[in-house]
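Fold and contact review
Residues per chain, in single letters:
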Amino acid sequence: MSDIKWDTPFCQDSGNCFRFGTDADGNAYIAVNGQEDRYLTDSIEALRTLIRDVKAGKADHLL
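What you are looking at is a predicted structure, and each value in this text was computed from that prediction instead of being measured.

About the criteria used
- Residues numbered from 1 in each chain as written.
- Predicted model: local features only at pLDDT ≥ 70, side-chain atom pairs only at ≥ 80, totals over all residues.
- Heavy atoms only, no water.
- Disulfide = S-S within 2.5 Å.
- Buried < 20%, exposed > 50% of the residue type's maximum accessible area, 1.4 Å probe, protein only.
- pLDDT = per-residue confidence, 0-100.
- Helix = DSSP H or I, 4+ residues; strand = E, 2+ residues; numbered from the N terminus.

Notes on the state of the cysteines
All chains considered together, the criterion is met by one disulfide. One disulfide bridge connects Cys 11 with Cys 17, the sulfur atoms lying 2.1 Å from each other. Its S-S torsion of about 110° marks the bond between Cys 11 and Cys 17 as right-handed, since a negative value means left-handed. For Cys 11, a relative accessible area of 41% gives the class partly exposed.

What to know about the confidence of the model for the protein
Averaged over all residues, the pLDDT of the protein is 81; the fraction at 70 or higher stands at 84%. Highest mean pLDDT in the protein belongs to strand β1 (residues 5–6) (94); lowest belongs to helix α1 (residues 44–55) (81).

Shown next, in the form of C-alpha cells:
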C-alpha cells in the first residue's frame with residue numbers, strides 16, 4: 001500500500017471536519033479529521049464525482 005498524502009481538513013459550519021487524500025497508485029481517500037486510520041477509499045474519479053454531486057445538491061443528505 002502506498003503512503004497517503006492528506007490534504008488540509010475541510011470543515012462544515014457545524015464543525016464536521018473531513019480530510020481528502022491521494023496516493024501514487026491513483027486511489028482517493030476520505031476520512032474524518034483525526035481518524036485518518038479509518039478511511040474510505042475509491043478511485044480519484046469516484047471521489048471527484050461524489051464531491052461534484054454534493055456541491056450540486058444531489059447528495060447533501062450524506063453530510
